[in-house]
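Descriptive analysis of the structure
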Amino acid sequence: MRLKGTETVIPMLAMRGLVVFPNVVMHFDVSREKSEAALKAAMNAGKLIFLTAQKDISIENPEIDDLFRIGVVAEIRQIIKTPDNITRVLIEGKYRAKIMNIIQDEPFLLASVRETVYNYREKTDDIELDAVIRTLKGIFEQYSDNIPKMPKELRLAIYNETDPYRLFELIGFNVAIPVEDKQLLLEENHIIARLGLLIAMLSREVEILDIERSIHERVRSQIDKGQRDYYLREQMKAISSQLGEEEESQDDIDEYIEQIESLKLNEEVTEKLLKEADRLSKMHPSSQESYVVRNYLDSVLELPWNYKTKDKLDINKALNVLDKDHYGLEKVKERILETIAVRALQPELKGQIICLVGPPGIGKTSIGKSIAKTLGRKYARISLGGIRDESEIRGHRKTYIGAMPGRIINAVKLAGSSNPLILLDEIDKMTRDMRGDPSSALLEALDSEQNNAFRDHYIEVPFDLSSVLFVTTANSVSTIDAPLLDRMEVIELTSYTREEKFNIAKRHLIVKQLKANGLKASMLKIDDTAVYMIIDGYTREAGVRSLERKIASVCRKAAKEIVSAEKKKVIVTSANLNKYLGERRYLEDDYSKQNEVGVVNGLAWTSVGGVIMPLEAVILDGKGTVETTGSLGDVMKESAKLAISYTRCVAEKYSINKDFYKEKDIHIHAPEGATPKDGPSAGVTMTTALISALSGIPVRSDVAMTGEITLHGKVLPIGGLREKVMAAYKAKIKTVIIPVANKSDLEEVDDAVRTSMDFVFAENLSDVLNTALIMPETTYAVPYANKTENGSIKQIHS
C-alpha cells in the first residue's frame, strides 16, 4: 500500500547479525514467530519485505530504537521448510530504504519506509576513483590470501570488474566484517567514501588475520615440537625396555618437567632446571652423574619458592607472648614490637638483621623462638660455632661427591617457607682457615641490598632471601668481622640481676622442672627465701642455666622422698636447703662493714654480674715506693698513679704531708688476689682510699662508688652501671656514688632498687670525698652530692 510521497507500508523483518545490500541475492533462516508471520504477509502482498539489522542480537522483540533506521527492501523469491522445522528464505535486495514509522508490532512488524536513493550523479575524479579501485582490489587480494576458501570465480570476477558500484557490491557482501561496519557501508551515499570505508575495514581485517595466522603458526609449532618430543621419548622408552633399563625413568623426568613448569619461576631459573632435566633424560639411569642430577633437581624443587607465611601484626598479642615466654629483656621486646608496628605500616619492609649480644645463659636463643612465634613465622636455627669452611654457608659445588646445599638454603628448606626467621647462633665463634672465611660468605646473605638474589654454590640459581628475618646471637662483638658487624643492628643484653633471676625462677624454671620431674605444685613448694639462697649461695652466673640445674636437683630429691613414702609434700626453705643441695658454695661478697681508714667499697663489673670490690690502702715508712697487688691490670695501675698525683694536689686541704710521696711507701691492694682485675672505673675508689689512709680520715662503710678520674679530678662515666648497682643493693648498701654522666643509665635499673637507694652524681672528686669521708668537724646526716652555686650541699635522690 502506497502513502503520499515515496513512503510505502510493508512488512518488516528484523535481522540478527546480518546486513542485506541492494542487488544481492542471499538466503537466511528464520525461527521467530513474528518473523515468519511477516514473511507470510509479504507473500500475500507483492512479495516485498523490508529487512533491517538489529543493534543488539540478544533482544527477542525489538522496538524501533533497537533497529538501524536504514535497511533494504527485498523481494522474496523462495520460502522452504527444512526437515528440522526451520524456515529458509531466499531473497534479492531491491533498493535501500529508511524506516519512517512502525505501524504495528503484532502479530508482525509493519513499517512505513521511504526509499533512499544512492547519489549516482555525484561528481567524481576519475583518477582518484581508479586509484581507490586499485587499492581496494589490492587489499582484497591480501584478504583473499588469508581466506583459503575464497572462491576463485569470485576473485576473478572482482579482479576484472571496473564498475565501482558493482565492485562494491561484490566485495561488501562477500567479506566477513562486523555488522556495524557493514551498516556504515550501507548508509554511506558517496561511492568514493564507501570504497574508502571498505578499504579501511579490509585493511584492519587483513591485519587481524595476519596476527591470527602468526599465533596459529606459533601454537602449531609448539604442538609439533611437543608431539615430536613425545614420539622421541616413546622411542627412547622402547629402547630402554629392550636393554633392560628402568622403564619408569622417563616418567620421572616428565614429573620433574611438570614440577618445574608448575612453579612458574623466572626465566633464568626455569631454563636452568629444564636444561638439567633434559641432561638427565639422556643419561643412563644407573650412572653416577644421573644420581648427582637427580639429587640436584630434588634439592631445588623442595625449596619453598613461592610460599610465604602471613605475619601476625597485633602488637598487644605480641607483647603478651613475649612477656609470657621471657621475663625482662625489655630492649629486645621493644625492638620486636617496633618491627611489628613498622611492618603493619610497610608490609614490604626488607633487610632487618638483629644481633643479640650478651653472656651465656640469658636466653638469646630462646628469644629467637619467641620472636618467630610472635610474628607467626617458621623458625630455623643454624649453629655457627666452630664453623671454618666457607662451603658450610654457601654450599659445595654439585660436581663433588657428597655435595649439598649450604646451611642457609638448607634452613629455608627445613622451615618450609621463603620468609622464615633464621637464628644464626654463636656467630662470634666462627673461625677461618685455608678452606675459606665463613664470615665473608655471610656478607651477601646478611646484606639487604644483595640477598634478593643469593646464589648457593650447590643450587647455582638465585634465591630471594630478602623476606627472611635473620637474628644472630653472640657473646661478644670483638671477634665478629667489622664488615659483617656493620650489617647488623646490635642489641646488647646484660646479665640478669638477682631480682630478675628470682622472677624467672618463680615464673618459669620451677614450673618447668616440676613438670619435667613428674611433680605437681601441691607436692613440692620452694619458698622465696630458698630461691634467693640458691641464687646467692649455689650459683654465680650471668644467666640462669646453673640455677635451673639446681632447681632440677631439688625436684629430683623431693621426688625421691615422695616416692619412698617419707613425705607426701616437701617444703624447701633456706633453713633446710643444704639437705637438698649440700653446703653453700659461694659466700657473700667481702666488703667493709664498718667505718675504716684506708678501706673503700668499690663496685666492679664481671661477666656474671656486678660485685663489691673493697680496695685497701696502707701507708708505711719508706722512700716513696708504690706497691699494687691483687692481680691488677695496667689500666688500674695507671689509675693508682693518677690517684697519687691528685692527692699531692689536695694534700694541704686534707692535712696531708706534702712530701708523702718521698717519705712514705704506699701499698694498694684489691682482694681477691687470684682474680685478675682491670679497668678505669676504680679511679675514684683508689683516690678515696689513698686520701683516707694519708689523712687518717675514716671512710663510710655504707657508701659504694665507681668512676674513672682525670688528672684534674673530673669523674668520667663508666659501663656496667646496672650490674654494679644491683651488687650494692644485694649488700644492703644505701648510698652509691656514680659519675653524673651516668645519670641516664639509671633508667635501666629496676624501680624497686632505684627507689630504695640514694645516688650521688659526682662531677669531680670533691663530690666523692665530701660524701665518702667522715670529716672530724662534721657529723654525718645525709648523703652528699654536687655543690650548689651558693656553696651548700645539695642532696640528690633517685
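Source: prediction; values computed, not measured.

What follows deals with the overall build of the protein chain. From N to C terminus, the protein chain includes 26 helices and 24 strands. Along the first, second and third principal axes, the C-alpha set of the protein chain runs to 150 × 85 × 65 Å. Residues classed as buried in the protein chain amount to 47% of the 798 residues present. Within the protein chain, counting contacts between residues at least 6 apart in sequence, those at least 24 apart form 72% of the total. Accessible area of the protein chain: about 40900 Å², with a carbon and sulfur share of 51%.

For any two helices packed against each other, one specifies the crossing angle of their axes together with the interaxial distance. At a minimum axis separation of 9 Å, helix α21 (residues 634-649) and helix α23 (residues 683-695) run at an interaxial angle of 45 degrees. Our classification of the angle between α21 and α23 gives oblique. Considering the relative orientation of α21 and α23, their crossing is right-handed. In contact with Met 636, Ser 639, Ala 640, Ala 643, Ile 644, Tyr 646 and Thr 647 of α21, α23 contributes Gly 683, Met 686, Thr 687, Leu 690, Ile 691 and Leu 694.

Taken together, the side chains of Asp 125, Asp 126, Glu 128 and Asp 130 make up a negatively charged region of the molecular surface. In this structure, Glu 128 sits in helix α2 (residues 126-145).

Right, let's talk about a positive patch on the surface for a bit. A contiguous patch of positive charge, built from Lys 55, Arg 69, Lys 98 and Arg 114, is present on the exposed surface. When you line up the elements, Lys 98 lands in strand β5 (residues 87-104). On the accessibility criterion, Lys 98 (34% relative accessible area) is partly exposed.

Turning our eyes to something else, we now look at helix α17 (residues 498-516). The sharpest bend along α17 comes to roughly 50 degrees, located at Ala 505. Of all the positions in α17, only Glu 499, Glu 500, Lys 501, Phe 502, Asn 503, Ile 504, Ala 505, Leu 509, Ile 510, Gln 513 and Leu 514 are classed as buried. In this structure, the buried side of α17 is in contact with β14 (524-526), α18 (528-538), α19 (545-563) and α24 (721-730).

It is worth spelling out the sheet that holds strand β7 (residues 353-357) at this point. Overall, parallel pairing links the five strands, which are arranged β8-β9-β12-β7-β13 in an open sheet. Looking at which strands have only one partner, the edges of the open sheet turn out to be β8 (379-383) and β13 (489-492). Here the strands of the sheet are splayed against their neighbours by 20 degrees on average, with no regard to which way each runs. In terms of strand pairing, β7 meets β13 through four bridges, oriented parallel.

Moving on to the sheet that holds strand β16 (residues 599-606). Note: strands within a sheet are paired through backbone hydrogen bonds, in either parallel or antiparallel orientation. Pairing within the open sheet is mixed, and its seven strands lie in the order β18-β19-β17-β16-β20-β23-β24. Edge positions in the open sheet fall to β18 (626-629) and β24 (758-762), since each of these has one partner strand only. Neighbour-to-neighbour, the strand axes of the sheet open up by a mean angle of 25 degrees, direction not taken into account. Relative to β24, strand β23 (residues 735-739) runs parallel, the two being bridged by five bridges. In the strand pairing of β24, Ile 738 is matched with Phe 761. With respect to the sheet, α23 is in contact with β16, β17 (609-621), β19 (664-669) and β20 (703-705), its orientation differing from that of β17 by roughly 30 degrees. The strands that α24 touches are β16, β17, β23 and β24; relative to β17, the one it contacts most, it runs at about 75 degrees.

Scanning the entire structure with this criterion turns up 30 salt bridges. Residue Arg 335 is joined to Glu 489 by a salt bridge in which the shortest nitrogen-to-oxygen separation is 2.7 Å. In this pair, Arg 335 sits in helix α11 (residues 330-345) while Glu 489 sits in strand β13, placing the two residues 154 residues apart along the sequence. When its relative accessible area of 33% is taken as the criterion, Glu 489 is described as partly exposed. Of the charged contacts, one joins Glu 548 and Lys 512 as a salt bridge, the two residues approaching to 3.1 Å between their closest N and O atoms. Remark: Lys 512 occurs in helix α17 and Glu 548 occurs in helix α19; sequence separation between them is 36 residues.

Our focus in this paragraph is the confidence of the model for the protein chain. Confidence along the protein chain averages 81 in pLDDT terms, with 92% of residues attaining 70 or more. In this model residues 1-5 is a low-confidence stretch, pLDDT under 50, and it forms six contacts with partners more than four residues away in sequence or in other chains. For residues 778-798, every residue scores under 50 in pLDDT, and the model assigns this stretch 40 contacts once sequence neighbours within four places are set aside.

Right, let's talk about the side chain of Thr 647 for a bit. Take Thr 647: it is sitting in helix α21. Judged by its relative accessible area of 0%, Thr 647 is buried. Apart from residues no more than four positions distant in its own chain, Thr 647 is found in contact with Ile 656, Phe 660, Leu 690, Ile 691 and Leu 694.

With respect to burial, β24 is a largely interior element, five of its five residues being buried. Neither face of β24 is open: one carries Asp 758, Val 760 and Ala 762, the other Phe 759 and Phe 761, and all of them are buried.

Turning to the nonpolar core, a few remarks are in order. Formed by 56 residues in total, the largest nonpolar core has its most connected members in Phe 28, Leu 51, Ile 91, Ile 171 and Leu 202. Top contributing element to this core by residue count: helix α6 (residues 191-242), with nine residues. Once residues lying within four places of it in the same chain are set aside, the contact partners of Leu 202 are Leu 136, Ile 139, Phe 140, Tyr 143, Ile 171 and Val 175. Among the nonpolar cores identified, the runner-up in size contains 52 residues, and Ile 353, Ile 408, Ala 445 and Phe 454 belong to it.

What follows is about unusual backbone geometry. Going from Glu 106 to Pro 107, the amide bond is cis rather than trans, its omega being -5 degrees. Positionally, Pro 107 belongs in the loop between β5 and β6 (109-115). At the junction of Pro 671 and Glu 672, the peptide bond is cis and its omega measures out at -5 degrees in the coordinates. For Glu 672, the location among the structural elements is in the loop between β19 and α23. The phi angle at Asn 23 is positive, at roughly 65 degrees, despite the residue not being glycine. A relative accessible area of 42% places Asn 23 in the partly exposed class. One non-glycine residue, Ser 631, adopts positive backbone phi at about 60 degrees. Taking the relative accessible area as the measure of exposure, Ser 631 reaches 35% and is therefore partly exposed.

Extensive coverage of strand β3 (residues 48-53) is indicated by the burial of five of its six residues. Where strand β1 (residues 7-15) meets β3, four bridges bridge the pair, whose relative direction is parallel. Looking at the pairing, Met 12 lines up with Phe 50 of β3. Summarising the sheet, β3 and strand β4 (residues 70-81) pair through four bridges and their orientation is antiparallel. The residue bridging Leu 48 from the neighbouring strand is Glu 75, located in β4.

Let's shift gears to the packing of aromatic side chains. Any pair of aromatic rings gets described here by the distance separating the centres and the angle formed by the planes. Under the defined criterion, the tally for this structure stands at four aromatic pairs. The lysine or arginine in question, Arg 648, covers the ring of Tyr 661, its NZ or CZ lying 3.5 Å from the ring centre. Sitting over the face of the ring of Phe 761, Lys 743 holds its NZ or CZ atom 5.2 Å from the ring centroid.

Attention now moves to the packing of α17 against α19. Interaxial distance between α17 and α19 falls to 10 Å at its minimum, and their mutual angle equals 45 degrees. Of the possible angle classes, the one that applies to α17 and α19 is oblique. Crossing handedness for the pair α17 and α19: right-handed. Contacts between α17 and α19 pair Lys 501, Ala 505, Leu 509, Ile 510, Lys 512, Gln 513 and Leu 514 from the former with Leu 547, Glu 548, Ile 551, Ala 552 and Cys 555 from the latter. Of the residues that constitute the contact of α17 with α19, the class distribution is eight nonpolar, one polar and three charged.

Calculation notes
- Residues numbered from 1 in each chain as written.
- Predicted model: local features only at pLDDT ≥ 70, side-chain atom pairs only at ≥ 80, totals over all residues.
- Heavy atoms only, no water.
- Helix = DSSP H or I, 4+ residues; strand = E, 2+ residues; numbered from the N terminus.
- Buried < 20%, exposed > 50% of the residue type's maximum accessible area, 1.4 Å probe, protein only.
- Contact = heavy atoms within 4.5 Å.
- Areas by Shrake-Rupley, 256 points an atom, 1.4 Å probe, with all protein chains shown as cover.
- Axes fitted to C-alpha atoms, helices over the stretch in contact; angles between N-to-C directions.
- Parallel < 35°, antiparallel > 145°, perpendicular 65-115°, else oblique.
- Left-handed = near helix turned anticlockwise from the far one by under 90°.
- Patch = residues over 30% accessible without salt bridge, like charges linked within 9 Å, V, L, I, M, F, W, Y side chains within 5 Å.
- Salt bridge = Lys/Arg side-chain N within 4 Å of Asp/Glu carboxyl O.
- Lys, Arg positive; Asp, Glu negative; His and termini not counted.
- Charge placed at Lys NZ, Arg CZ, Asp CG, Glu CD.
- Bend = angle between axes of the 7 residues up to and from the residue.
- Pairing = 2+ DSSP bridges.
- pLDDT = per-residue confidence, 0-100.
- Core = buried A, V, L, I, M, F, W, Y, C linked by side-chain atoms within 4.5 Å.
- Phe/Tyr/Trp six-rings, centres within 6.5 Å; stacked < 30°, edge-to-face > 60°.
- Lys NZ or Arg CZ within 6 Å of the ring centre and 35° of its normal.
- Nonpolar A, V, L, I, M, F, W, Y, C, P; charged D, E, K, R; others polar.

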